[in-house]
Amino acid sequence: LPADLRERSATIQWVMWQMAGLGPMLGQHGHFALYAAEKIPYAIERYRDEAARLYGVLDRQLEKTGAYVAGGYSIADIACFPWTMTHKAQGFTLDDYPNVKRWYAAVRARPQVQAGLAIGKFVKEPFDEEARENMFGQKAKEMAGRK
């Protein structure tokens, strides 16, 4: 977080934006478009439209700041970046959002981000049946306290 109070406030506002909008909406789109066993066109379209709107909001913000979400590299970038990593799988092209495309490349190239991405390479993709059951099936319901 920046030390300057105005910059800190702006950064926190963008983290809240990610938590209330970007993360939940890209998460829902990803779930319905990529992982749900039943493809529900209404849900896919609804969340895709909202995800596209949010990519536009992010693109306009990055046009204003010229570099990172809240000005300098901050927790706002760290919070937003992972949600944009699945853009290709979710059917988005960053060519439609040139400022997001520039930002995405800049964040992804950071040595710390590269180190973190290297740690996550053990994750199996796509889900096998055991992983799908753990994530979405009866096991997930039992773990959440539902039967």
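The structure displayed is predicted, hence computed values, not measured ones.

Enquirer: Got a sec to walk through the overall build of the protein? Specific residues and values, please.
Expert: Helix and strand content of the protein: seven helices and zero strands. By residue count, 33% of the 147 residues in the protein fall in the buried class. Pairs at least 24 residues apart make up 63% of the contacts formed inside the protein by residues separated by at least 6 positions. If you sum the accessible surface of the protein, you get close to 9200 Å²; carbon and sulfur atoms cover 58% of it.

Enquirer: Describe the pattern of salt bridges, with residues and values.
Expert: With the rule as written, the count across this model stands at two salt bridges. Linking glutamate 50 and arginine 53 is a salt bridge whose minimum nitrogen-to-oxygen distance equals 2.7 Å. Note that glutamate 50 and arginine 53 are positioned in helix H2 (residues 41-65) at a spacing of three residues, about one turn of the helix. On the accessibility criterion, glutamate 50 (22% relative accessible area) is partly exposed.

Enquirer: Pulling in residues and values, what's your account of the side chain of asparagine 99?
Expert: For asparagine 99, the position within the fold is in helix H4 (residues 98-109). Contact partners of asparagine 99, with chain neighbours within four places excluded, come to Asp59, Leu62 and Glu63.

Enquirer: Describe a nonpolar patch on the surface, with residues and values.
Expert: Taken together, the side chains of Leu1, Ile12, Met16, Met19, Ile75 and Ile78 define a hydrophobic patch exposed on the protein surface, amounting to about 550 Å² of accessible area. Elements that contribute at least two residues to the nonpolar patch include exactly helix H1 (5-35) and helix H3 (75-84). Of all the elements, H1 adds the most residues to the nonpolar patch, at three residues. One can find isoleucine 78 in helix H3.

Enquirer: I'd love a proper account of the environment of arginine 132, names of residues and values included.
Expert: The topology assignment puts arginine 132 in helix H6 (residues 129-136). Along the primary structure arginine 132 and tyrosine 35 are separated by 97 residues, whereas in three dimensions their C-alpha atoms are 8.3 Å apart.

Enquirer: A description of the confidence of the model for the protein should follow, citing residues and the corresponding values.
Expert: On average, residues of the protein score 90 in pLDDT, and 90% of them reach the 70 mark or higher. Mean pLDDT across the elements of the protein bottoms out in helix H7 (residues 138-143) (62) and peaks in H4 (98).

Rules used throughout
Residues numbered from 1 in each chain as written. Predicted model: local features only at pLDDT ≥ 70, side-chain atom pairs only at ≥ 80, totals over all residues. Heavy atoms only, no water. Helix = DSSP H or I, 4+ residues; strand = E, 2+ residues; numbered from the N terminus. Buried < 20%, exposed > 50% of the residue type's maximum accessible area, 1.4 Å probe, protein only. Contact = heavy atoms within 4.5 Å. Areas by Shrake-Rupley, 256 points an atom, 1.4 Å probe, with all protein chains shown as cover. Salt bridge = Lys/Arg side-chain N within 4 Å of Asp/Glu carboxyl O. Patch = residues over 30% accessible without salt bridge, like charges linked within 9 Å, V, L, I, M, F, W, Y side chains within 5 Å. pLDDT = per-residue confidence, 0-100.

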